[in-house]
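A look at the structure
Here are the chains, one letter per residue:
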2 protein chains.
Amino acid sequence: MKVDSVDLFYLRMPVVEDIGDGSQDSLLCRVVANGHVGWGEAVCSPTVGIAAWITPMSHSGCHPVIDSVLGMELNDPADIANIYNQVRKNSFYGLLQSDLLISGIEIALWDCLGRSLQAPIWQLLGYKKSEPKLPYASVLFGDTPEQTKQKAVDIKNSGFQAIKFGWGPFGTSTVAADEAHIYAAREGIGSEAKLMIDAGTVFKESVDQAAKRLPALKQAQVLWYEEPFDGYAISSYGQLAKCEPKVSLAGGEGAHNPYQAKQLIDYGLVDFIQIDAGYVGGIGNAYKVAQYASSKGIKYVNHTFTSQSALSSSLQAYAGVAQSDISEYPMEPKSLCQELTLNKVEIDSQGMIKAPEKPGTGIEINIDAVKKYLVDVELKVNGKPLYLTPRI
Amino acid sequence: MKVDSVDLFYLRMPVVEDIGDGSQDSLLCRVVANGHVGWGEAVCSPTVGIAAWITPMSHSGCHPVIDSVLGMELNDPADIANIYNQVRKNSFYGLLQSDLLISGIEIALWDCLGRSLQAPIWQLLGYKKSEPKLPYASVLFGDTPEQTKQKAVDIKNSGFQAIKFGWGPFGTSTVAADEAHIYAAREGIGSEAKLMIDAGTVFKESVDQAAKRLPALKQAQVLWYEEPFDGYAISSYGQLAKCEPKVSLAGGEGAHNPYQAKQLIDYGLVDFIQIDAGYVGGIGNAYKVAQYASSKGIKYVNHTFTSQSALSSSLQAYAGVAQSDISEYPMEPKSLCQELTLNKVEIDSQGMIKAPEKPGTGIEINIDAVKKYLVDVELKVNGKPLYLTPRI
């Protein structure tokens, strides 16, 4: 079959707050091939992704993404890899946003192919089994240590055995203030549960500032210290990894291609590589990183802060890697992301999750939610409409 | 003074060909502060850059670029650095295109500041003198070795002492075919002139394929072998740098922040780092890379394939670095880029160029050309126009 159509939908909450919560809008991609429908979400500023889809060509290395996708063969995983490679080849210079847009489209291609072949994506990737993962609740720090502690208590009581706090005030005032939040989080969840701290790139490239938090992180026995730096500041990661006391580092959500993830492993010396399939170029690239991480003895973890369909998409790449046994679970998404799917990645009686056994991502998109949150976009060049909101 | 307005202009040739020629369109940025006007060009798919400027906020890390620029203080170079840092902080996740857009705006900020202070940008950067550079003619390979040779002869006759051939058929067929082009180029320019070869990222990450061209490159005594790989494939650069016969490597035009350029130096082991101020985040970042390169004994070279204003902008960052003494000179730009400026970076009687002594970039934009090539763009979200083509 061939890629008959690709449609992009900009979904948005009625009010978008200026907080570190990526679940407030979505660029939803729909692929149709021979009557089969697949869906994927790009972690991408929606109108910018739409422009990347349809912008007029600038030169041979700056084609709109549509030129490399529409009408292409879609019969097996190699066809998806070919489409991705075409995008990289045709849109690599002057169109950085194409890396993000193709992530959502590539996921939709896998979903479409999986549904047409009646197979889950992880099976198409060659995995024999979808292994259980421990989901960790991923939430923002409270404004105060008391709020952070209360959040921790609530989440522990809801059954989670692992929790990650991030963003919010962390790194924005004093070391003592951060320490208070770290200790409050540990106190709230108790000594048994796994605790992770996400600095949200706040220290940019300052190893010194990031290192000042290490003693408290060690004391609170965190499993990892996430994204202290700008995702590109690889050498800062490498330096912090060698600081005492030793705390495991995690990063990678900013990787928009597999090269960057490999550099974070090879030169940044992270112990956990966190990949968002909706950012790294799709499931094929995420799978490459998972295999590389395994070969290096590094644990692979999904990055997901939005919907259940994004969660399933990000689980596929390492579904069969038993030693990578922990998974980010979006805990507080906005109603848009809650309503976007008709079903979920279920948490079983052992408190574990795994990539679904159903075809494609195994998650069904709720068309009513798409209609409810849809934002109308119009892009015209010299009076000619290049993009109009598609019908749903 | 404050940034009173920023306007973006999409300029385009009437016909855009599917060739590796980046001079076929332009995203021209105009900054006005207290009546002073500055111009800059972003190497950026124009409608995608426009969307990055004005897209609705997705979350705290995904603001439109406008939020970090408009109304900001602009009195000295530190203010420009502050604006850039705000963009990185507010638009770093989900808005990759912001790195390219801010490049053009940042240049316009420098140009505006320089004109208000009546100083060339290189002086504001702290350089005492604008040092002469040897301009090299940068052209595409011919379709056949005979065409390549004829181009080389013509350019040599026009007075250039250095010439770079790139893109076109290179790397797309056999090793022998590439060797024929390399030897034809050397034959055409004679044994005295400097010759560089640009592979245009054609080998992606294949060290083996790139290495097969080394003997001919050595034989032809090329000064450097440019961009054999995807700009992110740092480890492939590092491996090729250690291959025999030893040929100096060059790369960096794909660096959209200084981190990537540093990695190409530290891990990719390039001998020449090539930076486009309109891609790397602006002149401030380009300057950082130039300083880092000097500290490592690496030569810095501008990357410019478009207009004379882009050339001046890219010269500023290393204007005072005497040991970095070679400069890419756009040789065959389309009429858009030829007509875009009223004056040029002149080639002196010694065949050398340097960053102009006049305020700002020292290059004047031709408003008639802006009007002539202007493309009308309209972006609406929920019926509300976010971007309409500004008046010129």
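Residues numbered from 1 in each chain as written. Chains lettered and ligands numbered in written order. Predicted model: local features only at pLDDT ≥ 70, side-chain atom pairs only at ≥ 80, totals over all residues. Heavy atoms only, no water.

By the naming in an unreviewed UniProt entry, chain A is Mandelate racemase, taken from Candidatus Nanopelagicus hibericus.

**Here's the deal with the interface of chain B and chain A**
Residue-level contacts link 65 residues of chain B with 66 residues of chain A. Summed over both sides, the interface of chain B with chain A buries roughly 5,400 Å², with 54% coming from carbon and sulfur. Taken as a group, B:Tyr93, B:Leu96 and B:Tyr232 account for 14% of the area that chain B buries against chain A, more than any other trio of residues on that side. Counting every contact that joins chain B to chain A gives 2 salt bridges. Close ionic contact of A:Arg88 with B:Asp230 constitutes a salt bridge, the shortest N to O distance being 2.4 Å. The interface formed by chain B and chain A includes 31 residue pairs in polar contact (both at pLDDT 80 or more). Among the secondary structure elements, those contributing two or more residues to the side of chain B that touches chain A are strand S1 (5-12), helix H1 (46-54), helix H2 (77-90), helix H3 (98-117), helix H9 (234-241), helix H10 (258-266) and strand S13 (377-381) of chain B. Counted by class, the side of chain B that touches chain A contains 28 nonpolar, 22 polar and 15 charged residues. (Contact = heavy atoms within 4.5 Å. Buried area = accessible area lost by both parts, 1.4 Å probe. Salt bridge = Lys/Arg side-chain N within 4 Å of Asp/Glu carboxyl O. Polar contact = N/O pair within 3.5 Å; in protein donor to acceptor, adjacent residues only side chain to side chain. Helix = DSSP H or I, 4+ residues; strand = E, 2+ residues; numbered from the N terminus. Nonpolar A, V, L, I, M, F, W, Y, C, P; charged D, E, K, R; others polar.)

**With respect to the pairing of strand S14 (residues 384-388) of chain A**
Residues and elements named next belong to chain A. In the sheet, strand S13 (residues 377-381) pairs with S14 via 4 bridges, with the strands oriented antiparallel. Looking at S14, one finds that Leu 379 is bridged to Tyr 387. Connecting S13 to the next strand, S14, in antiparallel fashion are 2 residues, including Asn 382 with a positive phi near 50°. (Pairing = 2+ DSSP bridges.)

**Let's talk about the relation of the copies chain B and chain A**
Taken as rigid bodies, chain B and chain A are interconverted by a rotation of 180° and an axial shift of 0.0 Å, the fit giving an RMSD of 0.0 Å. As the rotation angle and translation indicate, the two copies are arranged about a two-fold axis. Taking the C-alpha atom as reference, chain B places B:Leu379 closest to the rotation axis, 2.3 Å from it. Looking at the interface residues of chain B, 100% of them are also at the interface in chain A, so both copies use one shared face. (Least-squares fit on C-alpha atoms with pLDDT ≥ 70 in both.)

**Things to note about the pairing of S1(B)**
Residue and element names in this part refer to chain B. Across the 8 residues that make up S1, a large majority, 6, are buried. For S1 and strand S2 (residues 25-33), the ladder comprises 8 bridges, and the chain directions are antiparallel. Looking at S2, one finds that Val 6 is bridged to Val 31. Pairing geometry for S1 and strand S12 (residues 374-375), over 2 bridges, is antiparallel. When the sheet's bridge partners are listed, Tyr 10 is paired in S12 with Val 375. (Buried < 20%, exposed > 50% of the residue type's maximum accessible area, 1.4 Å probe, protein only.)

**Points about the sheet that holds strand S2 (residues 25-33) of chain A**
Adjacent strands of a sheet pair through backbone hydrogen bonds, lying either parallel or antiparallel. Residue and element names in this part refer to chain A. With antiparallel pairing, 4 strands are arranged side by side in an open sheet as S3-S2-S1-S12. For this open sheet the edge positions go to strand S3 (36-42) and strand S12 (374-375), each flanked by a neighbour on one side alone. Here 7 bridges tie S2 to S3, and the two strands are oriented antiparallel to one another. Residue pairing for S3: Leu 27 is matched across the bridge by Ala 42. Seen against the sheet, helix H1 (residues 46-54) touches strand S1 (5-12) and S2 and runs at an angle of roughly 165° to S1. (Axes fitted to C-alpha atoms, helices over the stretch in contact; angles between N-to-C directions.)

**A closer look at the domain arrangement of chain A**
Residue and element names in this part refer to chain A. Per the domain assignment, the segments of chain A are domain 1 (5-119 + 367-388) and domain 2 (124-339). The C-alpha centroid of domain 2 is placed 26 Å from the C-alpha centroid of domain 1. Residue-level contacts link 31 residues of domain 1 with 28 residues of domain 2. Of all residues in domain 1, Ser 23, Glu 41 and Trp 110 bury the most surface against domain 2, accounting for 22% of the area lost on that side. Joining domain 1 to domain 2, the criterion identifies 3 salt bridges. (Domains from an automatic or database assignment.)

**Comments concerning the UniProt feature "domain: Mandelate racemase/muconate lactonizing enzyme C-terminal" (unreviewed entry) in chain A**
Those places that UniProt annotates as "domain: Mandelate racemase/muconate lactonizing enzyme C-terminal" (unreviewed entry) correspond, in this numbering, to residues 145-250 of chain A. The distance from the first to the last C-alpha atom of residues 145-250 of chain A is 23 Å, and the span holds 44% helix and 14% strand. (UniProt positions renumbered as here; feature names shortened; annotations may be inferred.)

**Quick word on the side chain of B:Asp230**
In this fold, B:Asp230 is placed in the loop between strand S7 (224-226) and H9. On the basis of relative accessibility, which here comes to 13%, the residue B:Asp230 falls in the buried class. Other than its neighbours up to four places away in sequence, B:Asp230 contacts A:Arg88, A:Tyr259, B:Thr201, B:Lys204 and B:Tyr237.

**So, the pattern of salt bridges**
Residue and element names in this part refer to chain A. Tallying each qualifying case throughout the model produces 42 salt bridges over all chains. A salt bridge links Arg 115 to Asp 111; the nearest nitrogen and oxygen atoms lie 2.8 Å apart. With Arg 115 and Asp 111 both in helix H3 (residues 98-117) and 4 residues apart, this pair spans about one turn of that helix. When sorted by exposure, Arg 115 lands in the same class as Asp 111, which is buried. Notably, a salt bridge pairs Arg 115 with Glu 364, separated by 3.1 Å at the nearest N-O pair. With a gap of 249 residues between them, Arg 115 in helix H3 and Glu 364 in the loop between helix H13 (335-339) and helix H14 (367-373) connect regions that are remote in the sequence. Owing to a relative accessible area of 16%, Arg 115 belongs among the buried residues under this scheme.

**Here's the deal with unusual backbone geometry**
Each neighbour pair has its own omega, and for A:Glu244 with A:Pro245 the value is -10°, a cis peptide bond. In the Ramachandran plot, A:Gln221 falls in the positive-phi region, its phi being about 50° despite a non-glycine side chain. Along the chain, A:Gln221 falls in the loop between helix H8 (214-219) and strand S7 (224-226). Since its relative accessible area comes to 60%, A:Gln221 is described here as exposed. Although it is not a glycine, B:Leu269 adopts a positive phi angle of roughly 55°. Here B:Leu269 shows up in the loop between H10 and strand S9 (272-275). Residue classification places B:Leu269 among the partly exposed residues on the basis of a relative accessible area of 32%.

**Some details on helix H12 (residues 308-316) of chain A**
At 3.6 residues per turn, the α-helix brings residues three or four places apart onto the same side. In terms of residue burial, H12(A) counts as a mostly covered element, since 9 of its 9 residues are buried. When H12(A) is considered as a whole, its buried residues turn out to be A:Gln308, A:Ser309, A:Ala310, A:Leu311, A:Ser312, A:Ser313, A:Ser314, A:Leu315 and A:Gln316.

**Some words on the sheet that holds strand S8 (residues 249-251) of chain B**
All names here are of chain B. With parallel pairing, the 8 strands of this open sheet are ordered in space as S10-S9-S8-S7-S6-S5-S4-S11. At either end of the open sheet lies a strand with only one pairing partner, and these are strand S10 (299-302) and strand S11 (326-330). Adjacent strand axes in the sheet meet at a mean angle of 30°, parallel and antiparallel pairs treated alike. Along the sheet, helix H11 (residues 283-295) makes contact with S9 and S10, crossing S9 at roughly 175°.

**Things to note about the layout of surface pockets**
Taken as a whole, the largest pocket holds about 1,000 Å³ of empty space. Forming the walls of the largest pocket are 48 residues, and the residues nearest its centre are A:Gly200, A:Thr201, B:Arg88, B:Lys89 and B:Phe92. The set of elements that each furnish at least two residues to the lining of the largest pocket consists of helix H10 (258-266) of chain A together with H2, H3, H10 and H11 of chain B. Residue contributions to the lining of the largest pocket peak at 6 residues, all from H2(B). Taken together, the residues of the lining of the largest pocket sort by class into 19 nonpolar, 18 polar and 11 charged. Of the volumes computed, that of the second largest pocket is approximately 820 Å³. Residue lining of the second largest pocket: 30 residues in total, with A:Lys89, B:Gly200, B:Thr201, B:Val202 and B:Lys204 positioned closest to the centre. Elements with a contribution of two residues or more to the lining of the second largest pocket: helix H2 (77-90), H10 and helix H11 (283-295) of chain A. (1 Å grid on protein atoms, 1.4 Å probe; cavity = no way out; pocket = protein on both sides within 12 Å on 5 of 7 lines; lining within 4 Å. Points joined across faces, edges and corners; volume = space filled by probe spheres on them.)

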